[in-house]
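Residue-level structural notes
The residues making up each chain are set out below.
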Amino acid sequence: MRNILCATHAVVFVVAALTSSFVACSSSSDGGGSPPPGGDAGRADAGPSGPPQRLSETGLYSDMATKQVAAASLEYAPAYVLWSDAADKKRWIVLPAGARIDTSDMDHWRFPVGTKFFKEFSRGGTRLETRLIEHVADTGKQEDDYRASTFVWRGDESDADLVVDGARNIRGTDHDVPSRQDCFKCHRGEPGAILGFSAIQLFQPSASAITLRWLVEQGKLTAPPAANADFSVPGDEATARAFGYLHANCGHCHNENGIAWADNPMKLRLLVGERDAATSSIYKATVGEKMNRPKTSGDTFRVVAGHPEQSGLFYRMSRRDGTPESMPPIATKHVDADAVSVVKAWIERLPP
Ligand code: HEC
Ligand code: HEC
């Protein structure tokens, strides 16, 4: 398996020769513009390599002591975030220099080999864990092509260490770190493994510089959308808020690629072509649809127009009791009260 290249104008390879061949990028280029160096000359590949053991080996930060992020790590923010029990999160993409994102299927972007995505969790200013998904190969088998890792921060935040089997209640919080297996329970929901960097998520101007428009202007997409393309979440404001939430918090398991599909073909993930809320997949999969497996009295339908209290979808997202009925069933311990109100408002306003 080949490691990631740092190809910039002034390339500085720092090869950790002792344990692995992982490369730290310490150049200050903008990460774009120049093509990757050709052939093996540019590759720092010194035999078999495992995953990085420490965050400092991944190249996210150029200076761990000052927490200076490398210039090639571009911060972005999806319009609709995963709840994660209200943890503070930062996200970065590192695209190989000169590479473009394959957007020939606007619903399912494919990132070039070498791409890394990072997501850092913190709470009250304390760093908890920093997650990494790397596109390492192109065999067509997702589990071989994408490597998921997470690094739990040390007490003094000097570095963060790889944790493969998960961890509970870290750093004096009730935050749990998922195991590597759990990463793919959600991330298999996209063929390209990346869930929150997409046309829908980057369509609206966001707090970060990285938007769909920016990617088009920078020439980062193989098939840029038409200038007047509209990828906003459909519906009036109340509906769009609810659908955006379901798309980002439920849609990775509830779609054809997700873990819930075999048992429960209920689609909660939007496609860019869905311009009308009332004919969208989310609406059709829920409103007036019988629950596949009603488990409690009073929730025989997924959504009953005007009646959140009779709607299985509403009921399930309102509970966290460790049973498989809690939705989502993993990676959260607390109900997202704001989201419950948003979904309630949508159901209440549905015409009978
Ligand atoms: C409960 C489902 C779930 C689990 C479990 C999960 N993720 Fe994610 N992850 C998401 C969603 C949804 C997003 C996009 C929304 C966001 O960033 O808030 C995301 C975003 C990310 C990103 C940013 C790139 C992207 O896909 O948008 C990284 C990196 C990441 N996750 C790594 C991991 C790793 C590593 C693990 C396991 C240790 C993991 N995730 C476990 C659902 C999950
Ligand atoms: C980590 C994957 C995962 C996530 C994320 C997830 N679900 Fe589920 N969901 C499942 C699985 C698996 C089932 C099937 C098991 C069951 O019925 O209890 C299911 C079943 C359901 C059902 C029952 C449907 C029926 O017809 O019986 C509803 C409703 C539901 N989920 C809603 C949601 C909502 C709303 C969200 C987001 C707030 C969500 N889910 C997020 C995995 C997930």
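Residues numbered from 1 in each chain as written. Chains lettered and ligands numbered in written order. Predicted model: local features only at pLDDT ≥ 70, side-chain atom pairs only at ≥ 80, totals over all residues.

The name recorded for the protein in an unreviewed UniProt entry is Cytochrome c domain-containing protein, from Pendulispora brunnea.

1. A short note on the site of ligand 1
Defined as follows: Only the C-beta atom, placed from the backbone, is used; a residue is near a molecule or strand if that atom lies within 6 Å of it. In this text, helices come from DSSP runs of H or I with a minimum length of four residues, and strands from runs of E with a minimum of two, each type numbered from the N-terminal end. Each residue is assigned to one class: nonpolar for Ala, Val, Leu, Ile, Met, Phe, Trp, Tyr, Cys and Pro, charged for Asp, Glu, Lys and Arg, and polar for all the others, Gly among them. These domain limits were set by an automatic method or by a database of domain assignments.
With respect to spatial proximity, 28 residues lie near ligand 1, and among them L82, R131, C183, C186 and G196 are the closest. When residues of the shell around ligand 1 are traced back to their parent elements, those giving at least two are strand 7 (116–123), strand 8 (126–135), strand 9 (146–153) and helix 2 (180–187). No other element matches the five residues that helix 2 contributes to the shell around ligand 1. Split by residue class, the shell around ligand 1 holds 18 nonpolar, five polar and five charged. Structurally, the shell around ligand 1 is a two-domain feature, drawing no fewer than three residues from each of domain 1 (54–187) and domain 2 (235–349).

2. Some points on the site of ligand 2
Among the 26 residues in the neighbourhood of ligand 2, the closest are listed as C250, C253, N292, M327 and P328. Counting only elements with at least two residues in the shell around ligand 2, the list comes to helix 2 and helix 7 (312–317). By residue number, the principal contributor to the shell around ligand 2 is helix 7, which donates four residues. Residues of the shell around ligand 2, tallied by class, amount to 14 nonpolar, six polar and six charged.

3. With respect to the nonpolar core
Rules: The term nonpolar core refers to a set of buried Ala, Val, Leu, Ile, Met, Phe, Trp, Tyr and Cys residues connected through C-beta atoms within 7 Å. Three exposure classes are used. Buried residues have 20 or more other C-beta atoms within 10 Å of their own C-beta, exposed residues have 12 or fewer, and partly exposed residues fall in between, all C-beta atoms being placed from the backbone. The contact criterion used here is simple: two residues whose C-beta atoms, placed from the backbone, lie within 7 Å are in contact.
The biggest cluster of nonpolar side chains holds 65 residues, and the ones touching the most others in it are I93, I133, I194, L246, I282 and V343. When we break this core down by domain, the ones giving at least three residues each are domain 1 (54–187) and domain 2 (235–349). The contact partners of I194, leaving out residues within four places of it in the chain, are F111, F117 and I133.

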